[in-house]
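Architecture and fold: a report
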Amino acid sequence: MSVVRSDHRRTLTPQTHERHIMRKRYQQGSLKKGDGKWIAQWWEDGHRRKRTLGSVSKVAKAQAQSELDAILAPINARSEAPSASAKWGQFVNNIYLPFYQRKWKRSSAMTNGDRLRVHLAPVFSERSLGSFSRDELQTLLDEKAASGLSYSVVAHLRWDLRQIFRMAVAEGYLLRNPAELLFVPRDAKRPEHTAMTMEEVQKCFAVLEPRERLIAKFAILAGLRPGEIFGLKWGHISQTHVDIRQRVYRGEIDSPKSSHSIRNAALSAGLIGEIRAWKEISLDPSDEAWIFPSETGKTPLSRDNVWRRKFGPRLKAAGLGWVDFHVMRRTHATLMNEIHDDPKLVADQLGHTLDVNQNVYTRASVARRKEAVDALESSLPVM
């Protein structure tokens, strides 16, 4: 008697096969103790990987597990088939941020990450990518503007949303981008681009102590950003200029903001004289020493601390409480524009492209504009 064997192998539909592959490739890794240390192990690109996560006596198991989970998150994200049902938070944390953080400077990564964490993650993280509509996202921007957020923050949130959903489309998670047509609401609070007059600049210098006055002159007379000022070492100063090759951002040494920011910024004769006088009384005038050191001398002075303790109170008492480092730098651009007719000269000094210098930082005074309209009027033939 012949025996008929039935084939018990299950026929997989494409969808079932996809889920089967996902289950097979998804991994949790392993966490073991070895020689008094936490050892993490996992598979990646067909190879067994291993990493030491720290001493068992110093690192709790929960912390070591969190580190392993962070390692596996982008690997597992790559293993999952793109789907509109994927969580927004998982996509952002495991795919979007790991990719773009390779492009962004550290300062940009921190700023962008903070913005997502504060304004978008609390309401979006558990939502699926495919559940968003254009009108819903525009309403979010409208509400952010109505809450008092600045035009700049709302504009950056619009950019965040468009960039995230563009990547979701490019990676095959979505067919269309619901954020593509978003706009910044008309009532978003725009900043007042204020600059000091010559008289206000003189008052500013007069009320500050020597160290703070020199810092202010770097900003107003030389047009340096605060991070560039506090990142200066004595070796960066020459007879005619300062070599801008680094800056301080949130206490960390970083490269300048952009390629245009890497520059030789000219120094006026009087400012050079004050720099020399400051160097004579400095505890460490060597090339590698900070021009404005902290109390330990090992790190640069903190921008926020010196402003809160020194700049803010004195400027406020003098009626200049509205002045900050941005105002000082904008004052440099505006006053230089009043004196010189070469906008490229001012842009190079500030480390800007020409369009940013003209459209964002420079503000022509009413007096100069009146001269221009008077000249226009006088050029017309007499009727």
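Residues numbered from 1 in each chain as written. Predicted model: local features only at pLDDT ≥ 70, side-chain atom pairs only at ≥ 80, totals over all residues. Heavy atoms only, no water.

Further remarks concern the layout of surface pockets. In this structure, the second largest pocket occupies an estimated 490 Å³ of space. Lining the second largest pocket are 21 residues, and of these R211, P293, S294, E295 and L301 sit closest to its centre. At four residues, helix α11 (residues 303-317) tops the list of elements feeding residues into the lining of the second largest pocket. Each residue belonging to the lining of the second largest pocket can be placed in one class, and the counts come to ten nonpolar, six polar and five charged. (1 Å grid on protein atoms, 1.4 Å probe; cavity = no way out; pocket = protein on both sides within 12 Å on 5 of 7 lines; lining within 4 Å. Points joined across faces, edges and corners; volume = space filled by probe spheres on them. Helix = DSSP H or I, 4+ residues; strand = E, 2+ residues; numbered from the N terminus. Nonpolar A, V, L, I, M, F, W, Y, C, P; charged D, E, K, R; others polar.)

Okay, the side chain of R225 next. You can see R225 is positioned in the loop between α8 (210-220) and α9 (226-230). Here the side chain of R225 touches E228 through a polar contact of 2.8 Å, side chain to side chain. (Polar contact = N/O pair within 3.5 Å; in protein donor to acceptor, adjacent residues only side chain to side chain.)

Bringing the packing of aromatic side chains into the picture now. The final tally for this structure, using the stated rule, is 15 aromatic pairs. Seen in terms of ring centroids, W88 and F124 are 5.5 Å apart; in terms of plane orientation they differ by 70 degrees. Their pairing is edge-to-face. With W88 in helix α3 (residues 88-100) and F124 in helix α4 (residues 106-124), the pair connects residues that are 36 residues apart, well separated along the chain. Classification of W88 as buried rests on a relative accessible area of 1%. Given the relative accessible area of 4%, F124 is considered buried. Geometrically, the ring pair formed by F132 and F165 is edge-to-face, given 5.4 Å between the ring centres and 65 degrees between the ring planes. Of the two residues, F132 is situated in the loop between α4 and α5 (134-146) and F165 in helix α6 (residues 151-170); the sequence distance between them amounts to 33 residues. Each of the two residues, F132 as well as F165, counts as buried. Here R127 stacks its cationic end above the ring of F132, 4.2 Å away from the centre of that ring. Above the ring of W290, the side-chain terminus of K233 is found at 4.6 Å from the ring centroid. (Phe/Tyr/Trp six-rings, centres within 6.5 Å; stacked < 30°, edge-to-face > 60°. Buried < 20%, exposed > 50% of the residue type's maximum accessible area, 1.4 Å probe, protein only. Lys NZ or Arg CZ within 6 Å of the ring centre and 35° of its normal.)

Moving on to unusual backbone geometry. At D35, a residue that is not glycine, the phi angle is positive and equals roughly 55 degrees. For D35, the location among the structural elements is in the loop between β1 (30-34) and β2 (37-44). You can call D35 exposed: its relative accessible area is 82%.

Moving on, we come to the nonpolar core. In this structure, F218, L224, F292, F311, L315 and M328 are the most contacted members of the largest nonpolar core, which totals 39 residues. Looking at this core, the elements with two or more residues in it are α7 (198-207), α8, α9, β4 (241-244), α10 (269-280), α11 and α12 (325-339). By residue number, the principal contributor to this core is α8, which donates six residues. Among residues more than four places away in sequence, those in contact with F311 are L208, E212, I215, A216, V306, F325 and M328. (Core = buried A, V, L, I, M, F, W, Y, C linked by side-chain atoms within 4.5 Å. Contact = heavy atoms within 4.5 Å.)

Once that is clear, we can look at the pattern of salt bridges. Per the counting criterion, the structure on display carries 16 salt bridges. Put simply, R134 and D135 hold a salt bridge, and the shortest N to O gap is 3.5 Å. Linked through salt bridges whose partners overlap, the residues forming this network are K105, R247 and D254. (Salt bridge = Lys/Arg side-chain N within 4 Å of Asp/Glu carboxyl O.)

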